[in-house]
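One letter stands for each residue in the lines below.
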Amino acid sequence: MSRTRSAASALDRRAFLAATGAVGAAAGLGLAFGGGDRPAAAATPPGGHAPVAPVPVDAPAVPPVPYTRGTTLASVATPHGTGGYRQLGDGPGWRRLVRTELAAAHPGRAGRRTALASFVQVTDLHLVDVQSPLRYEYLRAETASAWRPQEALSVAGVVSLIERINALPGGPATGAPLAFVMTTGDNTDNNSRLELDWFLTAMSGGAITPNSGDPRRYEGVQDSGLALYWQPGSALRDADKRLGFPRIDGFLDAAIRPVHSPGLRMPWYSTAGNHDSLPGGCYAPGDPFLTAVATGDRKLETLPADRAAQVWKAVRKGLDPRGEDFKELLRAQAKKARHVTPDPRRAPFTRTDYLRAHLDPARTGPGPHGHGYTADHLGDGRLHYTFPVADDVLGISLDTTDPAGHYTGSVGAEQFAWLRRTLAANERDGARHVLIFSHHTSATMDNTRPDPARPHEKRHTGAELAALFSAHPSVVAWINGHSHKNEVTAHPGFWEVSTASHIDFPQLARVIELTDNHDGTLSLFTTLVESAAPHRADPADLSGPGLAALYRELAANAPKARKDLAGEATDRNLELVLRRR
């Protein structure tokens, strides 16, 4: 029995919270992977890899709970005014709702419950090298995701999010120390080695210069003089300024200025997404032509409307997963492309590159070494693994990107069989509760193209995964991203928790707490948090916090961006009740 549960069973709720506040650090509750003097042991699943337990780190003192400060329970950045460009300011918080589709919420559970796990999910950070020649910004008229006016500030935004996470004193519902952070993919945007370096430095701590190509200046669409894009330092009445976007002299110089990340104060784990595995997030990897474009000196910034419409249709429908038509387009338009400074750091990274970068001792930070991956993964190229969340909770991270191309996902037969064995072994060995982590959602896993490296291997869909999880009583939740939208879905026996991105407004992460209510039910608490940046941005403030505030406000005003990504109240701050099976 974990120290969390044994301590709680011996104390009433008030005494338990007093004890929590007295010990403060993660080790005091046993939530940091076992408590006591050593990490909790976890069996290696059949065909899996031995989990690596991190070293607990000091956490901020735990406040009286529940608390709201620093979360969206207290306040949410909200557009004010009318018209085109709207400034953000403080808005009312989102209250916590109780959802009971899977089990009744019994009276008195708040006084009985004990914490089993407490952690943070971040997803779809999309740290982006906005100057990369491999980007398809010229599709902006077709889709808002092709280019966003806030993208040049992605590093500043992520550093501000890390500052917020570091300042959280514990789980807002239980006060339990936050044991780790899990990223659920699309940590990078262009599958670029440079972006991977920025991501790992941001998470582990250190200096980042969010620039590529010419070290002295920005070279991208925002100094192109093209009205298709916001030109922040120009008098040009571009498309965005006509909607009220401000002129901000010095914006681009500030955007490529070095930034220092404090790194996370707690252990963190990594899950890969399609933008981490595929060039452009949608094309099959390993193409030398796309590497040459990414690292070369020609950047296409504009395209005739009819050709742009054709390209976007092919991307959206997955008609060109290997990028053959895309490559032909780039060849045909090469003479119209802008000359830029080449940069070999922009090359797409491979799975081996991804794993080696995570396993670099310089990236370990507070742990664990490899952030879920081990040296064994280098040998077989797999990106799925298990890890101990707590004594009573097992985490499983999946790789849901289809290497054949396209941005929707699936899992191969080998990984599906490993997952089935892992769940069965867990139930034989004591039935720890299981949390599943992946990038894709159940609804976005319909890509069954054969993996070129395994042409005869069957691919399994999100519906098949959901059926497998429902068949295993130990599965509590499936936690993912990809859709850039908050959405929480009740499946038979478990909850699917999808969280909004940190590149599109409202730019959120989610604290998740699992509790045993000691009445035959469990509760999964979800609390959304914003970055530490002030809600109101000041265009004259080009400091780090000022840029992070602009990052959020520009995202809120991005033309054609979806306005439903915050989800409904039933997708945000919640207590999700389910049977303890």
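Residues numbered from 1 in each chain as written. Predicted model: local features only at pLDDT ≥ 70, side-chain atom pairs only at ≥ 80, totals over all residues. Heavy atoms only, no water.

Trainee: What should I look at first to understand the pattern of salt bridges in this one?
Mentor: A side chain with one charge may pair with a side chain of the opposite charge, provided their charged atoms come close. Throughout the structure, instances matching the rule amount to 33 salt bridges. Where Arg331 meets Glu328, a salt bridge forms, and the shortest distance between an N and an O atom there is 3.8 Å. Of this pair, Arg331 and Glu328 are both found in helix 10 (residues 324-332), three residues apart, which corresponds to roughly one turn of the helix. A relative accessible area of 45% places Arg331 in the partly exposed class. Overall, the relative accessible area of 46% leaves Glu328 in the partly exposed class. Each member of the salt-bridge network shares a partner with another, and the members are Arg135, Glu137, Arg148, Glu151, Asp189, Lys299 and Asp504. (Salt bridge = Lys/Arg side-chain N within 4 Å of Asp/Glu carboxyl O. Helix = DSSP H or I, 4+ residues; strand = E, 2+ residues; numbered from the N terminus. Buried < 20%, exposed > 50% of the residue type's maximum accessible area, 1.4 Å probe, protein only.)

Trainee: Would you explain the sheet that holds strand 18 (residues 494-498) in this entry?
Mentor: Note: strands within a sheet are paired through backbone hydrogen bonds, in either parallel or antiparallel orientation. With mixed pairing, six strands are arranged side by side in an open sheet as 11-12-14-16-18-17. The outermost strands of the open sheet, each flanked by one partner alone, are strand 11 (385-390) and strand 17 (487-491). Across the sheet, the mean angle from the axis of one strand to that of its neighbour is 20 degrees, orientation sign disregarded. Lying over the sheet, helix 13 (residues 413-428) contacts strand 11, strand 12 (393-397), strand 14 (433-437) and strand 16 (475-480), oriented at roughly 175 degrees with respect to strand 12. (Pairing = 2+ DSSP bridges. Axes fitted to C-alpha atoms, helices over the stretch in contact; angles between N-to-C directions. Contact = heavy atoms within 4.5 Å.)

Trainee: Help me understand the packing of aromatic side chains in this model?
Mentor: Centre-to-centre distance and the angle between the planes together describe a pair of aromatic rings. Counted according to the given criterion, the structure contains 20 aromatic pairs. Taking the centre distance of 5.3 Å and the plane angle of 80 degrees together, the rings of Trp147 and Tyr229 count as edge-to-face. Linking Trp147 in the loop between strand 4 (114-122) and helix 4 (154-167) with Tyr229 in the loop between strand 6 (206-208) and helix 6 (251-255), this pair joins segments that are 82 residues apart in sequence. Relative accessible area serves as the criterion here: at 2%, Trp147 is assigned to the buried category. Residue classification places Tyr229 among the buried residues on the basis of a relative accessible area of 0%. Relative to Phe251, the ring of Trp230 has its centre 5.0 Å away and its plane inclined at 65 degrees; by these criteria the two rings are edge-to-face. Remark: Phe251 occurs in helix 6 and Trp230 occurs in the loop between strand 6 and helix 6; sequence separation between them is 21 residues. Note on Trp230: relative accessible area 0%, which makes it buried. Three or more aromatic residues link up through ring pairs in this structure, and these residues are Phe119, Phe180, Tyr269, Phe349, Tyr354, Tyr373, Tyr385, Phe387 and Phe437. The ring of Phe289 has Arg331 lying over it, and the distance from NZ or CZ to the ring centre is 4.3 Å. (Phe/Tyr/Trp six-rings, centres within 6.5 Å; stacked < 30°, edge-to-face > 60°. Lys NZ or Arg CZ within 6 Å of the ring centre and 35° of its normal.)

As far as function goes, none of this settles anything; it's purely spatial.
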